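# Coordinate analysis (summary)
Here's the letter readout for the chains.
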Amino acid sequence: MAYPQPNQMAPRRGRVEKEMPNRINDKIRGVSQVRLVGDNVEQGIYTYQEAIRIADDQNLDLVEISPNADPPVCRIVDYQKFLYQKKRKEKEQKANSKKIEIKEIRFGPQTDEHDYQFKLKHAMEFLKEGNKVKSYVFFRGRSILFKEQGEEILARFCADLEEVGKAESAPKLEGKRMIVMLAPKGK
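This is a predicted model, so every value here is computed, not measured.

## Regarding the nonpolar core
Counting residues in each nonpolar core, the largest one holds 19 residues, and the members touching the most others are Ile105, Phe107, Val133, Phe157, Leu161 and Leu182. Elements supplying a minimum of two residues to this core: β5 (102–107), α3 (113–128), β6 (132–138), α4 (147–160) and β9 (177–184). Counting residues per element, this core draws most heavily on α3, at 5 residues. Judged by nonpolar contacts, the second largest core, of 14 residues, contains Tyr46, Tyr48, Ile52 and Ile76.

Here you go:
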């Protein structure tokens, strides 16, 4: 097997430039005036050349924050530090946001009292944790004749959970299921 000679190898690839989320310094085009905001500058409207000069004097970057405003809003900061803080803030917000899950609780039309209380306790825990509860009565075979019993169970279930959650709608029949959704009450 013959190995390629060094001069025959494919050229090395250069570093790929990432697309920047904000325009900075000379990338800000088509603008005669900008509104400067930030800690290290007096806020106000400046010409583009004056804003660039102020940024150069401080050895920082002119970063366009809000391009759609009239005039565009810019900030004088170290761009890498700005990106780092922005990424950190987004990560923190993502960590603080809670994903709401939907927990399901299934009843039969002739559910016993003990089973009902057991499922009620679980639903209460789910709602206290901030999750939604989808409760339904499943009708199998000829048990569809007992629609009224299913409706009574769900109505009682909603009434028992009134302290911690509220029903988003009245029980409704969808095929062989009678469904009600419960959302946690605000704290």
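## With respect to the pattern of salt bridges
All chains considered together, the criterion is met by 6 salt bridges. Here Glu104 makes a salt bridge to Lys134, at a shortest N to O gap of 3.9 Å. With Glu104 in strand β5 and Lys134 in strand β6, this residue pair connects regions lying 30 residues apart in the sequence. For Glu104, a relative accessible area of 44% gives the class partly exposed. Put simply, Glu113, Arg156 and Asp160 are held in one network by salt bridges that share partners.

## Digging into the packing of α3 against α4
It is the contact of α3 with α4, at a shortest axis distance of 11 Å, that shows an interaxial angle of 45°. As the angle between them shows, α3 and α4 are arranged oblique. In terms of crossing hand, the pair formed by α3 and α4 is right-handed. Contact with α3, carried on its side by Glu113, Tyr116, Gln117, Lys119, Leu120, Ala123 and Met124, involves Ile153, Arg156, Phe157 and Asp160 of α4 and no other residues of that element. Split into classes, the residues belonging to the contact of α3 with α4 amount to 6 nonpolar, 1 polar and 4 charged.

## With respect to the packing of aromatic side chains
Working definition: an aromatic ring pair is given by the centre-to-centre distance plus the angle between the planes. Tallying each qualifying case throughout the model produces 4 aromatic pairs. A ring pair is formed by Phe107 and Phe157, whose centres lie 5.1 Å apart and whose planes are at 75°; its orientation type is edge-to-face. Pair noted here: Phe107 is in strand β5 and Phe157 is in helix α4, with a separation of 50 residues, a long-range link. On the basis of relative accessible area, Phe107 is assigned to the buried category, the value being 1%. Taking 6.2 Å as the distance between ring centres and 75° as the angle between the ring planes, the aromatic pair formed by Tyr116 and Phe157 counts as edge-to-face.

## A word on the environment of Val180
Relative to the elements of secondary structure, Val180 occurs in strand β9. Residues Val180 and Leu154, spaced 26 residues apart in sequence, show a C-alpha to C-alpha distance of 7.1 Å. Look past the residues within four positions of Val180 in its chain and what remains in contact with it is Val133, Lys134, Ser135, Leu154, Cys158, Ala167, Ser169 and Pro171.

The rules behind each value
- Throughout this description, residue numbers start from 1 for each chain and increase along the sequence as written.
- Note on the predicted model: pLDDT of at least 70 is required for a residue's local features to be given, and 80 or more for side-chain atom pairs to be given and counted; whole-chain, interface and lining totals, by contrast, use all residues.
- Think of the side-chain values as coming from all heavy atoms in the structure, minus any hydrogens and water.
- Note on terminology: a nonpolar core comprises buried Ala, Val, Leu, Ile, Met, Phe, Trp, Tyr and Cys residues joined through side-chain atoms within 4.5 Å.
- Remark: exposure states derive from per-residue accessible area (1.4 Å probe, protein chains only) relative to the maximum for the residue type, with buried under 20%, exposed over 50%, and partly exposed in between.
- Secondary structure elements follow DSSP: runs of H or I of four or more residues count as helices, runs of E of two or more count as strands, with numbering from the N terminus.
- The rule for a salt bridge is simple: a side-chain nitrogen of Lys or Arg has to be within 4 Å of a carboxyl oxygen of Asp or Glu.
- Between N-to-C directions, angles cover 0 to 180 degrees, with each direction set by a line fitted to C-alpha atoms, over the stretch in contact for helices.
- Angles are sorted into four bins: roughly parallel if under 35 degrees, roughly antiparallel if over 145, roughly perpendicular if 65 to 115, and oblique for all others.
- Here a crossing is taken to be left-handed if its near helix is turned anticlockwise relative to the far helix by less than a right angle, and right-handed if that turn runs clockwise.
- Contacts are residue-level and defined by heavy atoms, with any inter-residue pair within 4.5 Å sufficient.
- Note on residue classes: Ala, Val, Leu, Ile, Met, Phe, Trp, Tyr, Cys and Pro are nonpolar, Asp, Glu, Lys and Arg are charged, and everything else, Gly too, is polar.
- Here the aromatic set is Phe, Tyr and Trp, taking the six-membered ring for Trp, and pairing holds for ring centres within 6.5 Å; pairs whose planes are under 30 degrees apart are stacked, those over 60 apart are edge-to-face, and all others are tilted.

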